[in-house]
Amino acid sequence: MLVHDFLEAFNVSTTQFTNKEQVMKDLGVFSGIILDIEKSFCQHRQ
């Protein structure tokens, strides 16, 4: 859910990217980083 919130906050769906394949790869990396942060944060809260 947090990843979707970030994508919406950055208006990714309305941005005119020229290289959509590279953008999807970058979003995948970004998503993985955010998910790792989320997991780490949730583990420390318990």
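Shown above is the structure to which this text applies.
None of these values were measured; they are calculated from a predicted model.

**A short note on a nonpolar patch on the surface**
- On the surface, Val-29, Ile-33 and Ile-37 cluster together into a nonpolar patch covering about 280 Å² of accessible area.
- Position of Ile-37 among the secondary structure elements: in helix H2 (residues 20-45).

**As for the environment of Phe-6**
- Of note, Phe-6 is situated in helix H1 (residues 2-9).
- A relative accessible area of 28% places Phe-6 in the partly exposed class.
- A sequence separation of 28 residues divides Phe-6 from Ile-34, and the C-alpha atoms of the two residues are 9.4 Å apart.
- Excluding residues that lie within four positions of it along the chain, Phe-6 makes contacts with Phe-30 and Ile-34.

**Re the packing of H1 against H2**
- In the contact formed by H1 and H2, the axes pass within 9 Å of each other and the chain directions differ by 130 degrees. In terms of orientation, H1 lies oblique with respect to H2. Relative to H2, H1 is oriented so that their crossing is right-handed. Along its contact with H1, which presents Leu-2, Val-3, Phe-6 and Leu-7, the element H2 presents Leu-27, Phe-30, Ser-31, Ile-34, Leu-35 and Glu-38.
- Among the residues forming the contact of H1 with H2, the class breakdown is 8 nonpolar, 1 polar and 1 charged.

**Some remarks on the environment of Phe-30**
- Considering the arrangement of structural elements, one finds Phe-30 in helix H2.
- According to the relative accessible area criterion, Phe-30 is partly exposed, its value standing at 27%.
- Distance from Phe-30 to Asp-5, taken between C-alpha atoms, is 13 Å for residues 25 residues apart in sequence.
- Phe-30 has contacts with Phe-6 and Phe-10, leaving out every residue within four places of it along the chain.

**Some points on H2**
- Its 26 residues give H2 an end-to-end C-alpha distance of 37 Å, which sits within 8% of 38 Å, the value for a rise of 1.5 Å per residue.
- Buried within H2 we find Val-23, Ser-31 and Ile-34.
- Of the surrounding elements, those touching the buried residues of H2 are H1.

Reading the values: the criteria
Residues numbered from 1 in each chain as written. Predicted model: local features only at pLDDT ≥ 70, side-chain atom pairs only at ≥ 80, totals over all residues. Heavy atoms only, no water. Patch = residues over 30% accessible without salt bridge, like charges linked within 9 Å, V, L, I, M, F, W, Y side chains within 5 Å. Areas by Shrake-Rupley, 256 points an atom, 1.4 Å probe, with all protein chains shown as cover. Salt bridge = Lys/Arg side-chain N within 4 Å of Asp/Glu carboxyl O. Helix = DSSP H or I, 4+ residues; strand = E, 2+ residues; numbered from the N terminus. Buried < 20%, exposed > 50% of the residue type's maximum accessible area, 1.4 Å probe, protein only. Contact = heavy atoms within 4.5 Å. Axes fitted to C-alpha atoms, helices over the stretch in contact; angles between N-to-C directions. Parallel < 35°, antiparallel > 145°, perpendicular 65-115°, else oblique. Left-handed = near helix turned anticlockwise from the far one by under 90°. Nonpolar A, V, L, I, M, F, W, Y, C, P; charged D, E, K, R; others polar. Expected span 1.5 Å × (residues − 1).

Don't take any of this as a statement about function, it's just geometry.
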